[in-house]
Amino acid sequence: MLDQKPDALTADIRAARIAEQVLAMEGRFLDLQDWDAWLDLYAPDCTYWVPIWMDEDTATTDPQSQMSLIYHTSRTGLEERVLRIRTRKSVTAMPLPRTVHMVSNILVVSQSDTEIEGTAAWNVQHYDPRVGKRTSNCGHYEFTLANTAGGWKIARKKVILLDDMLPAVIDFYGL
Amino acid sequence: MNQRVRGAGSVVPLREKLEMVRGMIRDEADSGKFHVDRKIFTDTEIFDLEMRYVFEGTWNFIGLESQIPNPDDYVTAHIGRHPVILQRDHDGEIHCFYNTCRHRGAVLCPYKQGNKRVHVCRYHAWSYDSSGNCVAVSQAEDGQYHDSFDKADWPLMRIARLESYRGFIFGSLTDDVPPLKDHLGGAAKFLDLAADQGPQGVEYVPGEVAYTFDGNWKLQFENGLDFYHFAATHASYMEVMKHREKTGTMAPGKTYEGAGVDEATGTYSYVHGHAMMYAIRKQGRVHVRPIAKDPAVLDEIRDRAGEDQLKWILRQRNLTVFPNMQLVDISAMQLRTWRPLSPGKTEMRTHCLAPIGEAPETRALRIRNYEDFFNPTGLGASDDNLMYEYVQYGYEAGDAGDTSGYLRGLGEGALAEDPFAKELNHPTADWKYGPVTFGDESVFHAGYREWLRLIERGLSRDAEAEEVAHA
């Protein structure tokens, strides 16, 4: 919980503000389909992980021996997903859904000058003009932000999706 | 009671329904024609017939023995509309019960999987052991049951038939099915090619991926045998692959074929609606197969299963075991089952299939390959899933006439004999062979013939029974 000493409090508030800003920017860039700006929020050696549910209560914990929905250990995996959309050859992106990302309940778990770790809750409203239907995805984020020469970047993001009965298509812009 | 009310008060006699269904599949393959009526993808009456006579009238794949390795392990599943429990008992024998309490019908076990020596119904606490015996009727002594009441008369209900082939467990709700081995026919060969990949057989990598698509189940059935769609539907995936090769993030493609083997695709059709397609690709066109990562693994397979078996393990194979299972072996191995929810909605349950005891690095490569293509979050299967929805949308144009999607492969091929008959040495009903751009569609026919046979059989029997009852 928050340390009440003035210096510590300042650092905590600063870290919370940075986390809030980075996550809000990420959602905003995805909603604007500004893929380059979105990719730029990630460190080149980032981990992007969407585990799945093992059973009613437990998500997978080891991507090397259990299934995940997405597991990328560098930004390349995310860049390829953007590339796929940009080929204009994937029916999943013709048309793309319109989205609204909402991130809340942001909690900083640990912070230093170089790293901020935390958790958040997320909700994405997802409107598919193909079928005229709005659906939503939601879940939890766990994140690590790194202070780099280019500013604060996402070094690790784990996206826990609430559902285990998925829609026909789900990709980074809907998470 | 076998009649169904259609529209405002009109009743369609079963004989009439039989004629309607016969008109839905026009099988004139010998003269180059095969037509499937669009309505069988959208019509609710047809859907009811499918559930009753196709899914509930033949063998369905339920699960793997390796999913329930220990005494009292279970998984839950569906056969057609019926929820079932696949349960290993305390002595190790496997049973399949309807997943419903004998007392008031509540689903007995709402979990996906687990281990239970005794299932206790959460409604009135009736209890059943893992062999299906009713072992406790709560407050039985005070229940003022009639003298004739005996809990031994109320075990869990077993499905009619349960058999396993090489660890693949199948069940049938009707007794009127041939032994599983006869039912599988030549398709068993391709279950062997999965099971033979490890000395102890295969298992699911932990973690099931389940999803739905807004389309008819037969769109998945067809697509899993459809080589023709790959270049168009997966064009964006191919672009990503090209990019990976260019940027060096992916090792150059390999081939496992001898110099004398041509690039080709082909299909086999079997009894009871099963079918498979294969692709033989050469240098630069094949991903690194996880099974081939370690040469010692290939040697072990060669020694145990033989050279021909190994050769086929390394080829791309898509098998359909009609009516509810596909096994795909490309850059990773997928086992998928489907459950039709309505004419326009299908539930998929998918797993990464892997040799038991595989080395950790190989397992990790297999998982990454799998996630790359499969899953609603993958770069390939998501395009397929949306195409099913687009086809379903198009099929709503019910008056738009025949489609031509079952005609490729009905002409003469270049070869008079199946080039792989000796290697595979398995019974087939039909084979087709052609270049990589062949895209055989006659491979769908076996499934539709079996579909029609099962519905005709069911309707004829019910019509006879009804006529006897009214005579």
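What counts, and where the lines are drawn
Residues numbered from 1 in each chain as written. Chains lettered and ligands numbered in written order. Predicted model: local features only at pLDDT ≥ 70, side-chain atom pairs only at ≥ 80, totals over all residues. Heavy atoms only, no water. Helix = DSSP H or I, 4+ residues; strand = E, 2+ residues; numbered from the N terminus. Rg over C-alpha atoms; globule rule 2.2 N^0.38 Å. Buried < 20%, exposed > 50% of the residue type's maximum accessible area, 1.4 Å probe, protein only. Contact = heavy atoms within 4.5 Å. Areas by Shrake-Rupley, 256 points an atom, 1.4 Å probe, with all protein chains shown as cover. Lys, Arg positive; Asp, Glu negative; His and termini not counted. Charge placed at Lys NZ, Arg CZ, Asp CG, Glu CD. Pairing = 2+ DSSP bridges. Axes fitted to C-alpha atoms, helices over the stretch in contact; angles between N-to-C directions. Buried area = accessible area lost by both parts, 1.4 Å probe. Salt bridge = Lys/Arg side-chain N within 4 Å of Asp/Glu carboxyl O. Polar contact = N/O pair within 3.5 Å; in protein donor to acceptor, adjacent residues only side chain to side chain. Core = buried A, V, L, I, M, F, W, Y, C linked by side-chain atoms within 4.5 Å. Phe/Tyr/Trp six-rings, centres within 6.5 Å; stacked < 30°, edge-to-face > 60°. Lys NZ or Arg CZ within 6 Å of the ring centre and 35° of its normal.

K.L.:
Any chance you could explain the overall build of chain B here in plain terms?
P.N.:
Scanning chain B for helices and strands turns up 13 helices and 23 strands. For 471 residues, the compact-globule estimate of 2.2 N^0.38 gives 23 Å, and the C-alpha radius of gyration of chain B, at 24 Å, lies within 12% of that figure. In terms of principal-axis extent, the alpha carbons of chain B reach across some 80 × 55 × 40 Å. Relative to its full complement of 471 residues, chain B shows a buried share of 54%. Long-range contacts, defined here as pairs at least 24 residues apart, represent 67% of the contacts in chain B between residues at least 6 apart. Carbon and sulfur atoms make up 50% of the accessible area of chain B, which totals about 19800 Å². Taken together, the 53 basic and 70 acidic charged side chains of chain B have centroids lying 3 Å from each other.

K.L.:
Whenever I open this one, the sheet that holds strand β2 (residues 68–72) of chain A confuses me. Can you help?
P.N.:
Sheet strands pair by backbone hydrogen bonding; their relative direction is either parallel or antiparallel. Residues and elements named next belong to chain A. In spatial order, the strands read β2-β1-β6-β5-β4-β3; together these six strands make up an open sheet with mixed pairing. One side of each edge strand has no neighbouring strand; the edge strands of this open sheet are β2 and β3 (98–111). On average, each strand axis in the sheet is tilted by 20° relative to the strand beside it, whichever way the strands run. For strand β5 (residues 133–148) and strand β6 (residues 151–161), the ladder comprises ten bridges, and the chain directions are antiparallel. Paired with Ala146 across the bridge in β6 is Lys153.

K.L.:
Honestly, the interface of chain A and chain B in this entry has me stumped. Any pointers?
P.N.:
When the parts of a complex come together, some accessible area is lost, and that lost area is often taken as the interface size. Contacts between chain A and chain B engage 35 residues on the former and 45 residues on the latter. Here chain A meets chain B over a buried area of about 3500 Å², counting both sides, of which 57% is carbon and sulfur. The three residues of chain A that bury the most area against chain B are Met67, Arg84 and Arg130 of chain A, which together make up 20% of that side's buried surface. Linking chain A with chain B are six salt bridges, by the criterion used here. Across the salt bridge formed by Asp214 of chain B and Lys133 of chain A, the nearest N and O atoms sit 3.3 Å from each other. Applying the counting criterion to the chain A and chain B interface returns 25 residue pairs in polar contact (both at pLDDT 80 or more). Looking at the side of chain A that touches chain B, the elements with two or more residues in it are β2, α3 (75–86) and β7 (165–166) of chain A.

K.L.:
What is the right way to look at the environment of Cys134 of chain B in this model?
P.N.:
If you trace the backbone, Cys134 of chain B turns up in strand β12 (residues 134–136). Not counting residues up to four positions away in its chain, the partners in contact with Cys134 of chain B are Trp126, Ser127, Tyr128, Lys151, Trp154 and Pro155 of chain B.

K.L.:
What is the right way to read the nonpolar core from this model?
P.N.:
Generally speaking, soluble globular proteins have nonpolar side chains that are buried together. Residue and element names in this part refer to chain B. One finds Tyr448 and Trp451 to be the most contacted residues of the largest nonpolar core, which totals 98 residues. In contact with Tyr448, other than residues within four places in its own chain, are Ile25, Phe34, Val36, Ile40, Phe41, Lys218, Phe221, Glu222 and Tyr406. Grouped together as the second largest cluster of nonpolar side chains are 42 residues, Phe168, Ala187, Ala195 and Leu424 included.

K.L.:
Where do I start with the packing of aromatic side chains in this structure?
P.N.:
A ring pair, where both rings are aromatic, is described by two values, the distance of the centres and the angle of the planes. For the structure shown, the criterion picks out 34 aromatic pairs over all chains. With a centroid separation of 5.3 Å and 75° between ring planes, the pair formed by Phe172 of chain A and Tyr173 of chain A is classed as edge-to-face. Side by side, Phe172 of chain A and Tyr173 of chain A carry an identical accessibility label, which is buried. Relative to Phe420 of chain B, the ring of Trp312 of chain B has its centre 5.3 Å away and its plane inclined at 85°; by these criteria the two rings are edge-to-face. You can see Trp312 of chain B sitting in helix α9 (residues 307–313) and its partner Phe420 of chain B sitting in the loop between α11 (381–395) and α12 (421–424), a full 108 residues away along the chain. A single burial state applies to Trp312 of chain B and to Phe420 of chain B, both of which are buried. Pairwise contacts between aromatic rings join Phe34, Phe55, Trp217, Phe221, Phe322, Trp338, Tyr406, Phe444 and Tyr448 of chain B into one cluster. Taking NZ or CZ as reference, Arg315 of chain B lies 4.8 Å from the ring centre of Trp312 of chain B, over its face. Over the aromatic face of Tyr228 of chain B sits the side chain of Arg408 of chain B, whose NZ or CZ is 3.6 Å from the ring centroid.

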